[in-house]
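Structural overview for review
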Amino acid sequence: MTNSPKACVDVAINAYGKPYQTAITLLTLMKHSQQWINKIYFVEEAKQPEPPNFQFIFDHFGDKIAYYKPNVWLWTNNVKFDFLLNFKRYRHAVRYQYAWEKSDQKYLLVIHNDVYFKGDLVGEYINGIGGASGIGRIGQCWVCPAMEAGLCGPEKYTEYKPAYEEVMQLAAAHPQARTGEYARVVDRAAPWPLPECRLNEYVAMIDLEKTRKDTMPLGKGAAFGAYDRLDVGVKWFADMNNMGHSFKHFDYDPYATHSWISLQNAGHNAMFNKDLYKYEESVALQVLKDEFNIIP
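Since we're looking at a predicted model, the values are computed, not measured. (Residues numbered from 1 in each chain as written. Predicted model: local features only at pLDDT ≥ 70, side-chain atom pairs only at ≥ 80, totals over all residues. Heavy atoms only, no water.)

Remarks on the overall build of the chain
For the chain, the helix and strand inventory stands at 12 helices and 11 strands. Over its C-alpha atoms the chain spans a radius of gyration of 19 Å, differing by no more than 12% from the 19 Å that the globule rule assigns to 296 residues. In terms of overall dimensions, the chain has a C-alpha envelope of 55 × 40 × 35 Å along the principal axes. Here the chain holds 296 residues, and 58% of them are scored as buried. Within the chain, contacts between residues at least 6 apart in sequence are counted, and of these 75% link residues at least 24 apart. Accessible area for the chain stands at about 12900 Å²; split by element, carbon and sulfur atoms hold 49% of it. (Helix = DSSP H or I, 4+ residues; strand = E, 2+ residues; numbered from the N terminus. Rg over C-alpha atoms; globule rule 2.2 N^0.38 Å. Buried < 20%, exposed > 50% of the residue type's maximum accessible area, 1.4 Å probe, protein only. Contact = heavy atoms within 4.5 Å. Areas by Shrake-Rupley, 256 points an atom, 1.4 Å probe, with all protein chains shown as cover.)

Topic: the pattern of salt bridges
For the structure on display, the rule yields 15 salt bridges. Close ionic contact of Glu 181 with Arg 184 constitutes a salt bridge, the shortest N to O distance being 2.8 Å. Take Arg 184: its relative accessible area is 52%, and that puts it in the exposed class. The salt bridge involving Asp 239 is made with Lys 235; its shortest N-O contact spans 3.2 Å. A residue pair is termed a helical-turn pair when its members lie 3 or 4 positions apart in one helix, as Asp 239 and Lys 235 do in helix H11 (residues 234–242) at 4 residues. When salt bridges that share partners are traced, they join Arg 95, Arg 178, Glu 196, Arg 198, Glu 201 and Asp 231 into one network. (Salt bridge = Lys/Arg side-chain N within 4 Å of Asp/Glu carboxyl O.)

Here's the deal with the packing of aromatic side chains
For any pair of aromatic rings, the description consists of the separation of the ring centres together with the inter-plane angle of the planes. Tallying each qualifying case throughout the model produces 17 aromatic pairs. Sitting over the face of the ring of Trp 192, Lys 161 holds its NZ or CZ atom 4.3 Å from the ring centroid. Arg 198 extends its terminal NZ or CZ atom over the ring of Tyr 202, reaching a point 5.4 Å from the ring centre. (Phe/Tyr/Trp six-rings, centres within 6.5 Å; stacked < 30°, edge-to-face > 60°. Lys NZ or Arg CZ within 6 Å of the ring centre and 35° of its normal.)

As for the sheet that holds strand E4 (residues 107–111)
One open sheet holds the 7 strands; their spatial order is E3-E2-E1-E4-E7-E6-E10, and the pairing between them is mixed. In this open sheet, the two strands that pair with only one neighbour each are strand E3 (65–68) and strand E10 (247–249). Pairs of neighbouring strands in the sheet enclose a mean axial angle of 20°, with direction left out of account. Note that strand E1 (residues 9–15) and E4 share 5 bridges and pair parallel. Following the sheet pairing, Val 11 is matched in E4 by Leu 109. Across the sheet, helix H1 (residues 19–33) is in contact with E1, strand E2 (37–44) and E4; its angle to E2 comes to roughly 175°. (Pairing = 2+ DSSP bridges. Axes fitted to C-alpha atoms, helices over the stretch in contact; angles between N-to-C directions.)

A look at the pairing of E1
With 7 of its 7 residues buried, E1 lies for the most part within the structure. Here E1 shows two buried faces, one formed by Val 9, Val 11, Ile 13 and Ala 15 and the other by Asp 10, Ala 12 and Asn 14. In this sheet, E2 lies alongside E1 in parallel orientation, the contact comprising 6 bridges. In the sheet register, Ala 12 faces E2, and the bridge partner there is Tyr 41.

Some thoughts on the domain arrangement of the chain
A common way to state how big an interface is: give the accessible area lost once the parts meet. The domain boundaries assigned to the chain delineate domain 1 (9–139 + 198–292) and domain 2 (141–193). Spacing between the C-alpha centres of domain 1 and domain 2 amounts to 26 Å. If you look at the interface, domain 1 gives 14 residues, while domain 2 gives 13 residues. Summed over both partners, the interface of domain 1 with domain 2 buries about 1200 Å², with 59% contributed by carbon and sulfur atoms. Together, Arg 229, Leu 230 and His 249 form the three largest contributors to the area buried by domain 1 at its contact with domain 2, with a combined 43%. On the surface where domain 1 and domain 2 come into contact, there are 1 salt bridge. With its nearest N and O atoms 3.3 Å apart, the salt bridge here joins Arg 178 to Asp 231. Counting only elements with at least two residues in the side of domain 1 that touches domain 2, the list comes to H11 and E10. By residue number, the principal contributor to the side of domain 1 that touches domain 2 is H11, which donates 4 residues. Residues that form the side of domain 1 that touches domain 2 fall into these classes: 6 nonpolar, 6 polar and 2 charged. (Domains from an automatic or database assignment. Buried area = accessible area lost by both parts, 1.4 Å probe. Nonpolar A, V, L, I, M, F, W, Y, C, P; charged D, E, K, R; others polar.)

This is the structure in structure tokens:
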């Protein structure tokens, strides 16, 4: 594969298991969007749910892959940012951080390893991002009390900026899966963006030229992939918004499906259900054979 003159995007993907779904993610992405993509930063997590079988992916994509394996495994542990700043081996174990620091392209496409691409989403993102610092689906609105109350949504999250007291009243009046954590995670001094607001990292594109200077280790903002507050990317999104960055909501459903086999929109579930994990991988393996004529 050769780099296209149009290439302006690097890809960041972290793999914890799911080799066949990971392969489908990258194969379908490149099928539709190869012309935009420079490098694929493939980070193999330090621990794996089973002995890894990623070599056939590396063999297929060759020098398109920039491989990295950290020797620290953070999983979903909250990250201590003061510690991170000083220790590269720890910092690079944060999801997507290695690609964030190493990429020399304008944009970084962050993806989960269980996505099926149906069209050129990267091209749509490039055309649609405009002056925003990132583009993708905004907010975990399905578990947000403000959405339940009809006060907020992904396209108008900048219009609803309640005070701390109102956020907590909403949580009490419209309890959701994680509102019990709000007293712990909501910053009294800066309660906006709301706790479920983020640029969802299933399939998101970020303008590195705009955000890198404000994101650690160069800036004061949290690492994009750090698990902090309630989920990955929540603190980064809050930091960026409060520094003046803006983000574009884009519903990627016509172009990509996250958790495409079980349609649970939470690939995390398969990590705790061996039967579901094996089923999803068996389906992906069959697609590898039928659609791409690849037999690992």
